[in-house]
Amino acid sequence: MKPIDYVRARTLDEAVLLLRQGGERARVLAGGTDLIVQVRENRRDVDLFVDIKNIPETNRLEYDPEHGLTLGAAVPCYRIYGNPAVAKAYPGLIDAVAMIGSVQIQGRATVGGNLCNASPAADSIPPMIVYRGVCHIYGPQGSRVVPVEEFCTGPGQTVLGPGELLVWIHFPPPERHAQAHYLRFTPRNEMDIAVAGSAAYVRLNGERIASARVALSAVAPTPLFVPEVGEYLAGKEITDEVIRQAGELAKAAARPITDMRGTAEQRKHLSAVLTRRALRGAIQRAQEA
Amino acid sequence: MAEEKKQFRVIGTRPIRHDGTDKVTGYARYGADIHLSGMLYGKVLRSPHAHAVIKRIDTSKAEALPGVMAVITGRDLPEVADRLEELGEQVTNIRDESHNVLATGKVLYHGHAVAAVAAVSPHVAEEALKLIEVEYEVLEPVLDVLEAMKPDAPLLNPNLRTRGIGEEDGKPSNIAQHFQNKHGDVEKGFAEADYVVEREFRTTMVHQGYIEPQNATAYVRPDGSVTIWCSTQGAFAVRSQVAQLCKIPVSKIKVVPMEIGGGFGGKTVVYLEPLAVLLSKKTGRPVKMWMNRAEVLQATGPTSGSVIRVKMGCKKDGTLTAAQATLIYEAGAFPGSPVGAGAGVIFAPYRLPNVQIDGYDVLVNKPKTGAYRAPGGTNAAFAAESVVDELARLCGMDPLEFRLKNGVKEGDRRADGPRLPRVGYLETVRAAMESDHYKTPLEPSPDPTKRRGRGVASGFWFNGGGPSSVLVKVNEDGTVDLIEGSTDIGGTRASCAMIVAEVLGLPAEDVHPHVVDTDSIGYTSVTGGSSVTHKTGWASYLAAQEVREEVIRRAALLWSVEPAEVEYHDDGTLTCKSDPSKKTTFKEIAAQMNRTGGPIEGKGTINAGGAGPGFGTHIVDVEVDIETGKVDILRYTAVQDVGRAIHPAYVEGQIEGGVAQGAGWALTEEYYYDEKGHLLNSSLLDYRMPTALDLPLIETILVEVPNPNHPLGVRGVGETPIVPPAGAIANAIYDAVGIRLTRLPMKPSYVLEELIKAGLTS
Ligand SMILES: Cc1cc2nc3c(=O)[nH]c(=O)nc-3n(C[C@H](O)[C@H](O)[C@H](O)COP(=O)(O)OP(=O)(O)OC[C@H]3O[C@@H](n4cnc5c(N)ncnc54)[C@H](O)[C@@H]3O)c2cc1C
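This section reports on the structure supplied with the text. (Residues numbered from 1 in each chain as written. Chains lettered and ligands numbered in written order. Predicted model: local features only at pLDDT ≥ 70, side-chain atom pairs only at ≥ 80, totals over all residues. Heavy atoms only, no water.)

1. Focus: the interface of chain B and chain A
Each side of the interface is counted separately: chain B has 30 residues, and chain A has 24 residues. Summed over both partners, the interface of chain B with chain A buries about 2,400 Å², with 50% contributed by carbon and sulfur atoms. Applying the counting criterion to the chain B and chain A interface returns five salt bridges. Glu627 of chain B is paired through a salt bridge with Arg277 of chain A; the nearest N and O atoms lie 2.8 Å apart. Where chain B touches chain A, the interface holds 13 residue pairs in polar contact (both at pLDDT 80 or more). Secondary-structure elements contributing two or more residues to the side of chain B that touches chain A are helix H4 (122-131) and helix H20 (748-757) of chain B. When its residues are assigned to classes, the side of chain B that touches chain A shows 11 nonpolar, nine polar and 10 charged. (Contact = heavy atoms within 4.5 Å. Buried area = accessible area lost by both parts, 1.4 Å probe. Salt bridge = Lys/Arg side-chain N within 4 Å of Asp/Glu carboxyl O. Polar contact = N/O pair within 3.5 Å; in protein donor to acceptor, adjacent residues only side chain to side chain. Helix = DSSP H or I, 4+ residues; strand = E, 2+ residues; numbered from the N terminus. Nonpolar A, V, L, I, M, F, W, Y, C, P; charged D, E, K, R; others polar.)

Here it is in structure tokens:
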């Protein structure tokens, strides 16, 4: 490992300036639970860490029932699940942030880092998609917004251009009779990485599903939003067959590979199983909401 | 010769371990804690290929990097003799080991060491590795034992010929050895059987998974004498290997064994020690080296993957008539898999009139396998115990009843020859049948997607002995120091100290155990083969007896009586038979020892034979998620004949640890290679060992059938418990879903595949 420069940025403009000057080999440092590991294992060449944990905007964690949630890119997981109002309003997001790594990792790891690292298996991305998260990006050309489902473009690839960083993610306020659930499949019960995962969001209208959103992890080059499931479910009565059919649509959308973590067939199969289970979990929460 | 004394004062109690405070406060010093002035840091360049010829190595750019002090390659190692070295449960060939620590000519596996660098910082050393140019001619690798056995397979070593039983053709081969253990007539035995079951099993390479990576610091002083600080199961074994690999007389090497963060058999062979010595010799400065986790997984000594065929037959009433097995084990890059031990384990619990076992040791382009807790036993028992379960079902018999009917006892002959001494196998089966676990019916899962099942399996381990040395010296305050050469990985400081305390009538806390370097104690063989409480416990017993005799003489001197007049009581008091008014204590004698004849010391040296074989029987309940293929362990009970539990808590700890590792091997652990022989999962994220959340509380039942050949009845306990888990879990899965799994690990993707084939899920 070569020596690496480290700067603690105090403002968004300072961070952008440092990133522009540093070019390809400058990286934003949030919790570092992906980045530092990658650098130490020679998987990424970095000359400059731009630490964003001291910029006020990236530390925002603000929720109110009218405006929704503003989740700063540098807020670590434990602050999210430790906030009772947020935990109550977005339990599907809590499923993910309370699952990432371990207590130690959750003390550092951020949802912004999870998103910008753009792993297809990232746990927080599917719930952010189904909760209609929108990424607020700041860069040399100023601010822009991108829906979470469009943020990742490939494994480790995002829409961020040179000098750009993610500032916060915004979520609309929870709807009535609506809720989400995320779950993943791992061979071990903790300290593992998703073989596949599924997040489901449903809004109910009595015995029927008014609308739904489903997103999958680890079954495509990016976390995968599956609009077909929502389109199919809209207006349907909740029956075993409807849920089964929704699972089949998720399975059909999955485009997984075989690797040491699981086989393509297994991941396709799990896409259906997990989507069924996530839908059931979301329906139960929505009924209680 | 086992002491028949039923009442012990210290043995069988649970004092706090002597090394406990140091370990929980962080004071205990591990290899990583070594810091010497002028110390350099060494790193190893490793092969990216599984099989290749090294055409050229150019180290000049690396040597030119500021801060680099030395670079070595295979050429820097002396030519060494083709000689076998005993390492407890493993024999290593010193020439192979030399080629393993630094490749010469060819690299034989992904991660094989090709060069090493010493530099002023670990970062400079790492950067220097990138500057070493190696030109490889990549060869086709062979990764599967059955492929490797074919006559036209790529050869790892074109000079290797099969050591066999007369059928070999003398042509070069990847089959290093073929042997056969046989008695009776299996054809006849199968003809007599009403039921015959034959199956083929496959298992993958797995690692010990010790938490502390290999490390070594060496300093070669100007006079040529060498000190090595390292994490090892055997300081004397390190000394001997380094002496031969580096051609240095044994007496010039001092090995200081640091505290050890796990070994499980994997820390007997040297990897870094000779490199640190050569780099220190070249630079004149101390050199410290340590592996990262990827290096540990790629390039130390995991245990063999295997192909095992088992055929067993029995009569309708359950009587076994014959058993036959073929065990084909991956040796890795050099000969020496534990297939011999696997052949000894496979049918060990059963009385068999007719048996035939063929074993093959086969080279493949994977790391040279090393010892791992009951080497070769778990995969062998997985195969046989699955077939036994099937036979019991065919007979309509309870699987423990079946084992009771066919189980071995004293005098029965093992398939590999010897007759068994007094063993407690049947006692473990009976205790399992009587256990709360077995007597409690398994409730079906309320969740329709989950199926539950119960399985049992038995297991055996030989256990070992060997040379060991102990010194016990008395302090003026009435405590004693216990000086030993056995590195402590399983609580053996405590067990040996308790034996000394028992003999001298002292509280366990008054015995201070110290594991010392090779200059400070006599030869002691490795901490392996579940041997330490047996051999070093025995040496401790002898040393303590010597002290006891001397204390008696001192009392006799003080009282002016014959030593025969002095009685030494279990609580450490002494009285005079002829004069009841005369009383003293060990403490008082100790306080006066320098006025009554000088310091008191006792020594015990032994080459301990007579190890008592260990048997265990396990019960497990599992729950299979039929939609995902995930197997969860709900309840686990391990019954074991432990001879005599010196410190029951550490005996239980050994059993729990063995079960935990066995469960990992059964369900999630595997070496995952691509078709070119690259190890893809060399991290603890993807090499999936179970965590605390993957295992239930493991219940243990200790059965004590004392080993008649040990003064205190001790049997080794550390290895037997890893043998049954894979078989027990496979049998429980069968009970849950009716599918006979024949591959390890029984990971979710494999289980799911079988569930889909069986139509249990879609
Ligand atoms: C032991 C362990 C277990 C783990 N378990 C899980 C798990 O269960 N599930 C899971 O999904 N992940 C897991 N991870 C991965 C990791 O912890 C998560 O991805 C985490 O959310 C990353 O956040 P971070 O703040 O640490 O990111 P960092 O490592 O700081 O950054 C990650 C990447 O994003 C970039 N980046 C970060 N913030 C920004 C920003 N605001 N703008 C632009 N770029 C940015 C960085 O430059 C870097 O490339 C685990 C990691 C470890 C070490």
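2. Topic: unusual backbone geometry
Residues other than glycine predominantly adopt negative phi, and peptide bonds predominantly adopt the trans conformation. Residue and element names in this part refer to chain B. For the peptide bond that leads from Leu744 to Pro745, omega is -5°, which places it in the cis range. In this structure, Pro745 sits in the loop between helix H19 (725-737) and H20. Backbone geometry places Lys247, a non-glycine residue, at a positive phi of 55°. Here Lys247 lies in the loop between helix H7 (235-246) and strand S13 (253-257). Phi is positive for Ser530, close to 50°, though the residue is something other than glycine. Mapped onto the secondary structure, Ser530 falls in the loop between strand S21 (511-515) and helix H16 (532-559). Its relative accessible area of 17% is what places Ser530 among the buried residues. (Buried < 20%, exposed > 50% of the residue type's maximum accessible area, 1.4 Å probe, protein only.)

3. A short note on empty space enclosed by the protein
A probe matching the size of a water molecule, rolled over the atoms, marks out where space remains unfilled. Taken as a whole, this structure holds five cavities of 30 Å³ or more when the rule is applied. The volume enclosed by the largest cavity comes to roughly 170 Å³. As for the largest cavity, its lining consists of 18 residues, and the residues nearest its centre are Pro187 of chain A together with Val631, Leu667, Thr668 and Asp694 of chain B. Looking at the lining of the largest cavity, the elements that each hand over two or more residues are strand S27 (631-641) and helix H18 (648-667) of chain B. For the lining of the largest cavity, the residue count by class is nine nonpolar, four polar and five charged. For the second largest cavity, the calculated volume is near 100 Å³. Together, 13 residues line the second largest cavity, and Thr92, Glu97, Asn100, Val269 and Lys368 of chain B are the ones closest to its centre. Counting residues per element, the ones that place at least two in the lining of the second largest cavity are strand S5 (91-93) and helix H3 (94-101) of chain B. Considering every element that reaches the lining of the second largest cavity, the biggest residue donor is H3 of chain B, with three residues. Of the residues contributing to the lining of the second largest cavity, the split by class is four nonpolar, six polar and three charged. Structurally, the lining of the second largest cavity is a two-domain feature, drawing no fewer than three residues from each of domain 2 (34-139 + 211-262 + 267-299) and domain 3 (306-463 + 612-757) of chain B. (1 Å grid on protein atoms, 1.4 Å probe; cavity = no way out; pocket = protein on both sides within 12 Å on 5 of 7 lines; lining within 4 Å. Points joined across faces, edges and corners; volume = space filled by probe spheres on them. Domains from an automatic or database assignment.)

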